[in-house]
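Structural overview for review
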Amino acid sequence: MKRTIYALCTVVCALFVMTSCSKSDDDKGSNGGIVNNNFSSEVTAVASKETIQKMAANKATIYGGTTPPRVEGYFTSGEVQLTHTSLGDNDPLKSAAFDGFYYRFYEQNGSKLKVDYRNHAGGTYAANGVDAVISGEGNKFTIFFLNKERNLVALSGEFTGDAIKDFQQSVINKVGEPIGAVRVFKSKSGYAESTREF
């Protein structure tokens, strides 16, 4: 009798562990992670695999792969919200409001492309002709570049032709304090919409 109860408890515990560790079908990338851990040498020259893994461990969604879509044009993220920070409640940006960014992607050639960006509020935070790299497969991609502070930015989503679905911007401090902090921002609308220019 004791063996039967022990065996039954073991089976119940094993089932509990298997179902609690499996990924929910309802999870739409909110927990981040790496989809396809295959990155070209051009990508890893900008974002090391260790850095990519650290971003993914902090809820950034990163799309690997060596056949990314052609992502060119002008886009606006709309308002963005900080959805995760490795600093937890101690992050001074935790309760800040973010108006979002305009992006221009162009001159894509294989894994390399150029990025222009500026924030919505007056364009006070901007750069043009930034060297960037792209990874991905099918319509899903991640663009990596160093911003004007030399921190690593990863822009991820699914290119629909006229928008970027599930648009996410992740930043890891490589220079700014605190070094190694990861922040993940998502578009409040869920999209970065196509725009004519900025």
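Source: prediction; values computed, not measured.

A word on the environment of threonine 142
Of note, threonine 142 is situated in strand β9 (residues 140-146). On the basis of relative accessibility, which here comes to 0%, the residue threonine 142 falls in the buried class. Once the C-alpha coordinates of threonine 142 and proline 69 are considered, the two residues, 73 residues apart in sequence, prove to be 10.0 Å apart. Once residues lying within four places of it in the same chain are set aside, the contact partners of threonine 142 are Thr61, Ile62, Tyr63, Val133, Ile134, Ser135, Ala154, Leu155 and Ser156. For threonine 142, the side chain forms a polar contact with the main-chain nitrogen of tyrosine 63, separated by 2.8 Å.

Re the environment of phenylalanine 105
If you trace the backbone, phenylalanine 105 turns up in strand β6 (residues 101-109). According to the relative accessible area criterion, phenylalanine 105 is buried, its value standing at 1%. Spatially, the C-alpha atoms of phenylalanine 105 and isoleucine 143 are 9.6 Å apart, while their sequence positions differ by 38 residues. Setting aside residues up to four positions removed in sequence, phenylalanine 105 forms contacts with Val71, Glu72, Gly73, Phe75, Leu113, Lys114, Val115, Ile143, Leu155 and Ile164.

Considering the packing of aromatic side chains
Inspection of the entire model under this criterion finds 10 aromatic pairs. Residues phenylalanine 98 and phenylalanine 185 carry aromatic rings whose centres are separated by 5.0 Å and whose planes lie at 80° to one another, so their mutual orientation is edge-to-face. With a gap of 87 residues between them, phenylalanine 98 in the loop between β5 (80-85) and β6 and phenylalanine 185 in strand β12 (residues 182-187) connect regions that are remote in the sequence. The burial state of phenylalanine 98 is the same as that of phenylalanine 185; both residues are buried.

Focus on the pairing of β6
Judged from the 4 bridges that link them, strand β4 (residues 73-76) and β6 form a sheet pairing that is antiparallel. Bridged to threonine 76 within β6 is tyrosine 102.

Notes on the pattern of salt bridges
Opposite charge on two side chains allows them to pair when their charged atoms are near. Scanning the model with the defined rule gives 5 salt bridges in all. Of the charged contacts in the structure, one is a salt bridge between arginine 183 and aspartate 91, with a shortest N-O distance of 2.7 Å. Pair noted here: arginine 183 is in strand β12 and aspartate 91 is in the loop between β5 and β6, with a separation of 92 residues, a long-range link. Neither residue differs from the other here; arginine 183 and aspartate 91 are each classed as buried. In this structure, the salt-bridge partner of aspartate 131 is lysine 114, at a minimum N-O distance of 2.5 Å. Placement of aspartate 131 in strand β8 (residues 126-137) and of lysine 114 in strand β7 (residues 112-119) is noted, with a sequence separation of 17 residues between them.

The rules we used
- Residues numbered from 1 in each chain as written.
- Predicted model: local features only at pLDDT ≥ 70, side-chain atom pairs only at ≥ 80, totals over all residues.
- Heavy atoms only, no water.
- Helix = DSSP H or I, 4+ residues; strand = E, 2+ residues; numbered from the N terminus.
- Buried < 20%, exposed > 50% of the residue type's maximum accessible area, 1.4 Å probe, protein only.
- Contact = heavy atoms within 4.5 Å.
- Polar contact = N/O pair within 3.5 Å; in protein donor to acceptor, adjacent residues only side chain to side chain.
- Phe/Tyr/Trp six-rings, centres within 6.5 Å; stacked < 30°, edge-to-face > 60°.
- Pairing = 2+ DSSP bridges.
- Salt bridge = Lys/Arg side-chain N within 4 Å of Asp/Glu carboxyl O.

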